[in-house]
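# Observations on the model geometry
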Amino acid sequence: MAFIRDARDPACGDPGLRERLAAVPSEPRALIDARLAETVREERGRLVASLVRILRDWELAEELVQEALVVALETWPRDGMPRNPGAWLLTTARHRAIDRLRRDARYRERLGIIGEELRDVTSSWSETGGVLAQDDRLRLIFTCCHPALSREAQVALTLRTVAGLETPAVAKAFLVPEATVAQRIVRAKRKIRDAGIPYRVPEAAELPGRLEQVLAVLYLVFNEGYLASAGDAAERRDLARDGAWLASLLVRLMPDEPEAIGLLAMMRLHLARADARFAADGSLVLLPEQDRSTWDHDAIANAHELLERALRMGRIGPYQLQAAIVACHATSASYAGTDWGEVVALYDRLLELTPTPVVALNRALAIAELRGPDEALAALEPLAARLADYHLYHAARGLLLRRLGRIEEARETERRALALTANPAERRLLEERLAAS
Amino acid sequence: MKYMVLIAGPEDAPSSGTPTPERMAAYQRILGWWDEQSKSGKVLEGYELQPSLTATTVRRDEAGNVTVTDGPFVEAKEMVGGYAIIDVADLDEAISLVSGWPSSATLEIRPVVTRD
């Protein structure tokens, strides 16, 4: 169903953009499509989430939702969209569910209870206009990201079930064969059923650890798309927007979790500047050289406000700190004018919470701007062994050595970087540096 | 749901080797845990196993040929040193129960096949 693949939120959860889209009168057809696409994406996951809870059968739940969507996509464009699309879809799925369950001996005993629960959900969705009433998607998200599933399975299952991506799209985005993704999803569902993974939101005591898993999955989805190069398939680049959509859903469902808000703010701060990252010919443009007038400054301001809201909750964490660092860059008028003192201070705190060599590397680069390349090189020194195979370590070291006029050493370390990366845009950048001097 | 918990670790379990005071204390903690969880009804049964040097592996192929060899069926750094059959609501409760194991170990949780 190609339509659902196109079911991206064209505004990417940005209310300002959505208003601007809605104000365009000349393209009614495209507008209806966009609204339809958004509704499908939103309601599909919500419907699956509730049906999984009631039926306790992932396969059947997804089949019923798929069938209801087929009916909707036939009738809505012709008859117009119902006032409460969620309740409409649920009613359609409910009639089909009862039909199917009557014919299946496995459900005969529970049929009465299931019918009642289905009616309850339907009436609650109809009465409240469907807004967040009986939203089971948190259960769905936490179950998809359960630590007893592999990270690959968590990612595939979340994209397929919560975000509604079709399996081929997931496969293209992660550059793996379709059959592999399909198998990961089937196995994950089987494990959920047979190993007794409960369908619930974790209790307060276990919530922090479990939420970390969810945030890690969403961050991975986002990065996979954001770090894709301009030449990659569209599915791959769109993944960044899928990640941001999932994060915005999580924030709607858990509005009091500052780390979830921090992650969403970081994603939006990146997305607002995504177009400036590539030149017309597809080559990578690094932060100092980016044309800041092409950044979406409204989106940056909105994301910055979001971050402020998270910070005011007074429970700082790695995602909020990373977002704050990105915000320093995104709100500065020029590269030279960046508040490097603040950036280094934020990296210091981030390093306390997550003492990884990659964080230390980025901190060293900020130190170069604040206190000069000499001190930055000294800060890189202790990372040499642990980052020996990380191309960005060598690329960064090369730049610092060049600033100190140590060209021969710079060339040597840049050649090492070149040998360690296959990313075409990064290779081109390194080759240009090596060719220049 | 019933699960089997396989308890593995390097083969210097508290019960083997020289009985130092630390080993004795660790062993006591394990016995205490076992006792408590049995009383709560979550641990149905289980045993500590003799070290893997006592293991004998019997392989039977499709034709019915049997070979007997000395040792466990996989040689690994961590060997299964015991097992427990537990009865809990779901995997989350199993994970939480097993996380309370009072000694360093690697524990594998597997649902058992039940026919009802």
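Everything discussed here concerns the structure shown above.
So, here's what we can say about the structure.

Calculation notes
Residues numbered from 1 in each chain as written. Chains lettered and ligands numbered in written order. Predicted model: local features only at pLDDT ≥ 70, side-chain atom pairs only at ≥ 80, totals over all residues. Heavy atoms only, no water. Helix = DSSP H or I, 4+ residues; strand = E, 2+ residues; numbered from the N terminus. Buried < 20%, exposed > 50% of the residue type's maximum accessible area, 1.4 Å probe, protein only. Expected span 1.5 Å × (residues − 1). Phe/Tyr/Trp six-rings, centres within 6.5 Å; stacked < 30°, edge-to-face > 60°. Lys NZ or Arg CZ within 6 Å of the ring centre and 35° of its normal. Salt bridge = Lys/Arg side-chain N within 4 Å of Asp/Glu carboxyl O. Pairing = 2+ DSSP bridges. Axes fitted to C-alpha atoms, helices over the stretch in contact; angles between N-to-C directions. Contact = heavy atoms within 4.5 Å. Buried area = accessible area lost by both parts, 1.4 Å probe. Polar contact = N/O pair within 3.5 Å; in protein donor to acceptor, adjacent residues only side chain to side chain. Nonpolar A, V, L, I, M, F, W, Y, C, P; charged D, E, K, R; others polar. 1 Å grid on protein atoms, 1.4 Å probe; cavity = no way out; pocket = protein on both sides within 12 Å on 5 of 7 lines; lining within 4 Å. Points joined across faces, edges and corners; volume = space filled by probe spheres on them. Domains from an automatic or database assignment. Patch = residues over 30% accessible without salt bridge, like charges linked within 9 Å, V, L, I, M, F, W, Y side chains within 5 Å. Areas by Shrake-Rupley, 256 points an atom, 1.4 Å probe, with all protein chains shown as cover.

Each helix and strand in chain B was counted, giving two helices and six strands. For chain B, the N- to C-terminal ordering of α and β elements is β-α-β-β-β-β-α-β. Along the longest, intermediate and shortest principal axes, the C-alpha atoms of chain B span 45 × 45 × 20 Å. Put simply, chain B has 116 residues, and 26% of those count as buried.

Here helix H5 (residues 85-102) of chain A is 18 residues long and its end C-alpha atoms lie 26 Å apart, about the 26 Å a rise of 1.5 Å per residue gives. Listing the buried residues of H5 of chain A in full gives Pro85, Gly86, Ala87, Leu89, Leu90, Thr92, Ala93, Arg94, Ala97, Ile98 and Leu101 of chain A.

All names here are of chain A. Taking 1.5 Å as the rise per residue, helix H15 (residues 318-330) with 13 residues should run 18 Å; its terminal C-alpha atoms sit 18 Å apart, in good agreement. H15 sits mainly inside the fold: eleven of its 13 residues count as buried. Taken residue by residue, H15 has Tyr319, Gln320, Leu321, Ala323, Ala324, Ile325, Val326, Ala327, Cys328, His329 and Ala330 as its buried positions.

Where two aromatic rings form a pair, the distance of their centres and the angle of their planes describe that pair. Enumeration according to the criterion identifies nine aromatic pairs over all chains in this entry. Ring geometry for Trp34 of chain B and Trp101 of chain B: centres 6.2 Å apart, planes at 75 degrees, overall edge-to-face. Residue Trp34 of chain B is located in helix H1 (residues 21-39), and its partner Trp101 of chain B is located in the loop between helix H2 (91-99) and strand E6 (106-111); the two are separated by 67 residues in the primary sequence. One aromatic cluster in this structure is built from Trp33, Trp34 and Trp101 of chain B. We note Arg41 of chain A situated over the ring of Trp245 of chain A; from NZ or CZ to the ring centre the distance is 4.5 Å.

Attention now goes to the environment of Ala333 of chain A. All names here are of chain A. Along the chain, Ala333 turns up in the loop between H15 and helix H16 (340-353). Ala333 sits in the exposed class, given a relative accessible area of 74%. On a C-alpha basis, the gap between Ala333 and Arg292 in space is 7.4 Å, while along the polypeptide they are 41 residues apart.

Here we take up the pattern of salt bridges. Applying the stated criterion across every chain, the model contains 35 salt bridges over all chains. Across the pair Glu203 of chain A and Arg200 of chain A runs a salt bridge whose closest N-O atoms are separated by 3.7 Å. Here Glu409 of chain A ties to Arg406 of chain A by a salt bridge, and the two come within 2.9 Å at their closest N and O atoms. Classification of Glu409 of chain A by relative accessible area gives partly exposed; the value is 35%. What makes Arg406 of chain A partly exposed here is its relative accessible area of 33%. One continuous salt-bridge network, built from bridges that share partners, spans Arg200, Glu203, Glu206 and Arg210 of chain A together with Asp92 of chain B.

A few words now on the sheet that holds strand E2 (residues 43-48) of chain B. Residue and element names in this part refer to chain B. Overall, antiparallel pairing links the four strands, which are arranged E2-E5-E1-E6 in an open sheet. Looking at strand neighbours, the two that pair on one side only are E2 and E6, the edges of this open sheet. Across the sheet, the mean angle separating the axes of adjacent strands is 20 degrees when strand polarity is ignored. Judged from the six bridges that link them, strand E1 (residues 2-9) and E6 form a sheet pairing that is antiparallel. Bridge pairing in E6 links Met4 to Arg110. Packed onto the sheet, H1 meets E1, E2 and strand E5 (79-87) and runs at close to 155 degrees relative to E2.

The next subject is the interface of chain B and chain A. Between chain B and chain A, the contact holds seven residues from the first and nine residues from the second. Taken as a group, Asp90, Leu91 and Asp92 of chain B account for 69% of the area that chain B buries against chain A, more than any other trio of residues on that side. Taken together, chain B and chain A are joined by two salt bridges. Linking Arg210 of chain A and Asp92 of chain B is a salt bridge whose minimum nitrogen-to-oxygen distance equals 3.6 Å. Seen at the junction of chain B and chain A, the total is four residue pairs in polar contact (both at pLDDT 80 or more). Per element, the largest residue contribution to the side of chain B that touches chain A is three residues, and it comes from H2 of chain B. Broken down by class, the residue content of the side of chain B that touches chain A amounts to five nonpolar, no polar and two charged.

Now for the layout of surface pockets. All names here are of chain A. Taken as a whole, the second largest pocket holds about 930 Å³ of empty space. Arg56, Asp57, Ile192, Arg193 and Asp194 are the residues nearest the centre of the second largest pocket, which is lined by 27 residues in total. Of all the elements in the fold, those that place two or more residues in the lining of the second largest pocket are helix H3 (28-55), helix H4 (58-79) and helix H10 (178-194). Across the lining of the second largest pocket, the residue classes break down as 13 nonpolar, two polar and twelve charged. Shared between two domains, the lining of the second largest pocket holds at least three residues of each, these being domain 1 (1-135) and domain 2 (136-214 + 223-229).

Residues and elements named next belong to chain A. On the surface, Leu311, Ile316 and Leu353 cluster together into a nonpolar patch covering about 230 Å² of accessible area. Following the sequence through the fold, Ile316 ends up in the loop between helix H14 (297-312) and H15. Residue classification places Ile316 among the partly exposed positions, given a relative accessible area of 37%.

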